[in-house]
Amino acid sequence: MKEISRRMEREPLSPMQRIVFEFGHVLVGSAIVAIAFNIFLLPNQIASGGVSGISTIFRFAFGFEPAYTQWAFNIPLFFAGVLLLGGSLVGSIMYGLKTLVGTIFLPFVVFLTRDFEPATSDPLLAAIFGGIGVGLGLGIVFRSNSSTGGTDLAAQIINKYTGLSLGACIFIMDGMVVAASGFVFGFEYALYALIGLFTTGKVIDLVQSGLGYSKMAIIISDYEEEMKQGILTKVDRGVTKLVGYGGYTNHERPVLMCVVGRNEVTKLTQIVKTIDPTAFVIVSNASEVLGKGFKSK
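- The record in UniProt for the chain states the following under Subcellular location (unreviewed entry): "Cell membrane".

## Some points on the overall build of the chain
Right, on to step 1. Across its full length, the chain carries twelve helices and four strands.
Right, on to step 2. The proportion of buried residues among the 297 residues of the chain is 41%.
Right, on to step 3. Counting contacts in the chain only where the partners sit at least 6 residues apart, residues at least 24 apart contribute 72% of the total.
Right, on to step 4. Surface summary for the chain: the accessible area is close to 16400 Å², and the carbon and sulfur share equals 64%.

## Things to note about the confidence of the model for the chain
Right, on to step 1. Of all residues in the chain, 87% attain a pLDDT of 70 or more, and the chain-wide mean is 84.
Right, on to step 2. Looking over the chain, one finds the lowest element-wise mean pLDDT in helix 1 (residues 2–10), namely 45, and the highest in helix 3 (residues 50–62), namely 94.
Right, on to step 3. Across residues 1–10, confidence stays below pLDDT 50; counting only partners more than four residues off in sequence or on other chains, it has two contacts.

## Here we look at unusual backbone geometry
Right, on to step 1. The phi dihedral of glutamine 45 is positive, around 60°, even though this residue is not glycine.
Right, on to step 2. By the secondary structure assignment, glutamine 45 is in the loop between helix 2 (15–41) and helix 3.
Right, on to step 3. One non-glycine residue with positive phi stands out, namely asparagine 250, at about 65°.
Right, on to step 4. When its relative accessible area of 58% is taken as the criterion, asparagine 250 is described as exposed.

## Quick look at helix 11 (residues 224–235)
Right, on to step 1. With twelve residues, helix 11 extends 16 Å between its outermost C-alpha atoms, agreeing within 8% with the 16 Å of an ideal straight helix rising 1.5 Å per residue.
Right, on to step 2. By the burial criterion, the buried members of helix 11 are Glu224, Met227, Lys228, Gly230, Ile231 and Val235. Along the long axis of helix 11, the arc covered by the buried residues comes to 165°, so they all point the same way. Of the exposed residues in helix 11, those oriented more than 90 degrees away from the buried face are Thr233 and Lys234.
Right, on to step 3. On its buried face, helix 11 is in contact with strand 1 (214–220), strand 2 (240–245), strand 3 (252–261) and helix 12 (265–275).
Right, on to step 4. Just past helix 11, the residue aspartate 236 takes up positive phi, approximately 60°.

## Details of the packing of helix 2 against helix 7 (residues 123–143)
Right, on to step 1. Contact pair helix 2 / helix 7: the axes reach a minimum separation of 7 Å and the direction vectors enclose 170°. Taken together, the axes of helix 2 and helix 7 lie roughly antiparallel to each other. Side by side, helix 2 and helix 7 meet where His25, Val26, Gly29, Ser30, Ile32, Val33, Ala36, Phe40 and Leu41 of the first sit next to Ala126, Phe129, Gly130, Gly133, Val134, Leu136, Gly137, Leu138, Ile140 and Val141 of the second.
Right, on to step 2. Partitioned by chemical class, the residues of the contact of helix 2 with helix 7 number 13 nonpolar, six polar and no charged.

## Concerning the UniProt feature "transmembrane region" (unreviewed entry) in the chain
Right, on to step 1. In the numbering used here, UniProt assigns the feature "transmembrane region" (unreviewed entry) to residues 20–42, 68–86, 93–112, 124–142, 163–183 and 189–207.
Right, on to step 2. With 100% helix and 0% strand, residues 124–142 has its two end C-alpha atoms placed 26 Å apart.
Right, on to step 3. Note that residues 189–207 is 100% helix and 0% strand, and that its end C-alpha atoms are spaced 27 Å apart.

## Some details on the packing of aromatic side chains
The description of two aromatic rings rests on the distance between their centres and on the angle between their planes.
Right, on to step 1. Going through the model one piece at a time under the given rule, you end up with eleven aromatic pairs.
Right, on to step 2. With a centroid separation of 5.3 Å and 85° between ring planes, the pair formed by phenylalanine 78 and phenylalanine 79 is classed as edge-to-face.
Right, on to step 3. Looking at phenylalanine 78, the relative accessible area reads 6%, which means it is buried.
Right, on to step 4. Put simply, the rings of Phe58, Phe62, Phe64 and Phe73 touch in pairs and so form one group of aromatic residues.
Right, on to step 5. The ring of phenylalanine 111 carries the charged tip of arginine 114 above its face, separated from the ring centre by 3.9 Å.

## Notes on the pattern of salt bridges
Right, on to step 1. Applying the stated rule across the entire model yields six salt bridges.
Right, on to step 2. Here glutamate 224 and lysine 228 are joined by a salt bridge, their closest N and O atoms 3.7 Å apart. One end of the pair, glutamate 224, and the other, lysine 228, are both in helix 11, four residues apart, so they sit about a helical turn from each other.
Right, on to step 3. Relative accessible area serves as the criterion here: at 15%, glutamate 224 is assigned to the buried category.
Right, on to step 4. A salt bridge links arginine 237 to glutamate 264; the shortest N-O distance between them is 3.0 Å. Residue arginine 237 is located in the loop between helix 11 and strand 2, and its partner glutamate 264 is located in the loop between strand 3 and helix 12; the two are separated by 27 residues in the primary sequence.

The rules we used
- Residues numbered from 1 in each chain as written.
- Predicted model: local features only at pLDDT ≥ 70, side-chain atom pairs only at ≥ 80, totals over all residues.
- Heavy atoms only, no water.
- UniProt positions renumbered as here; feature names shortened; annotations may be inferred.
- Helix = DSSP H or I, 4+ residues; strand = E, 2+ residues; numbered from the N terminus.
- Buried < 20%, exposed > 50% of the residue type's maximum accessible area, 1.4 Å probe, protein only.
- Contact = heavy atoms within 4.5 Å.
- Areas by Shrake-Rupley, 256 points an atom, 1.4 Å probe, with all protein chains shown as cover.
- pLDDT = per-residue confidence, 0-100.
- Expected span 1.5 Å × (residues − 1).
- Arc of directions from axis to C-beta.
- Axes fitted to C-alpha atoms, helices over the stretch in contact; angles between N-to-C directions.
- Parallel < 35°, antiparallel > 145°, perpendicular 65-115°, else oblique.
- Nonpolar A, V, L, I, M, F, W, Y, C, P; charged D, E, K, R; others polar.
- Phe/Tyr/Trp six-rings, centres within 6.5 Å; stacked < 30°, edge-to-face > 60°.
- Lys NZ or Arg CZ within 6 Å of the ring centre and 35° of its normal.
- Salt bridge = Lys/Arg side-chain N within 4 Å of Asp/Glu carboxyl O.

Now the structure itself:
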């Protein structure tokens, strides 16, 4: 496996291979979102934001087919985004094409899988696992530098013309959908929708940053050379020297930075304390580390 990984680093994807790879991500991610919607969220009346949440409300309030509702919202929103957002949406032609594919393909899979049996009748389980499925699918789509359109585009339009932050605009859009679900299905189901929305956001972050959390250590010590040698030889990790100044003394102090795996933190701190018991050490999470010894993009 290491040899394959090294070969992939030496032989990056060609432009055509990357295009196929990214469009494949859009299709797979959209399919996962659609299936999670049909087997978890829709049958349990969980409208956790977005156009999918609107389609859930319309399905039970008016009897509309969810896929048709999603197309009816997604496609006009996409072209409104092209018209009103201009360069921010189509500055990258590939981004616009991938977003259009996601916009059309996701409701198509929703339509194809509309007869799938619900995985559970418990709304809490549906909110949690539906949120996981939607978050996983959207995370895959986002990793290909794409989108499935919908209310995300509406939020970008509001952001451009109102000055509100994009996060606030997305919160407003999803909040309106969840509030509407409370009127249609009842307050309890709006709470389930919030659980699904929260779960989706957390899973998207997890897919974006990866499971392999590493640790970043900042070490301030007068025993600079001993620390460097200890980290290089005993932990077998690289180390970077930074220049720092004491806030009180204003004297220059050596600062070392290194990134290690979670299972190497104890070894690192033991080495540091052995060399200099008075060393000042900060260890924090590094959610995504790219480079030699970790992973390549």
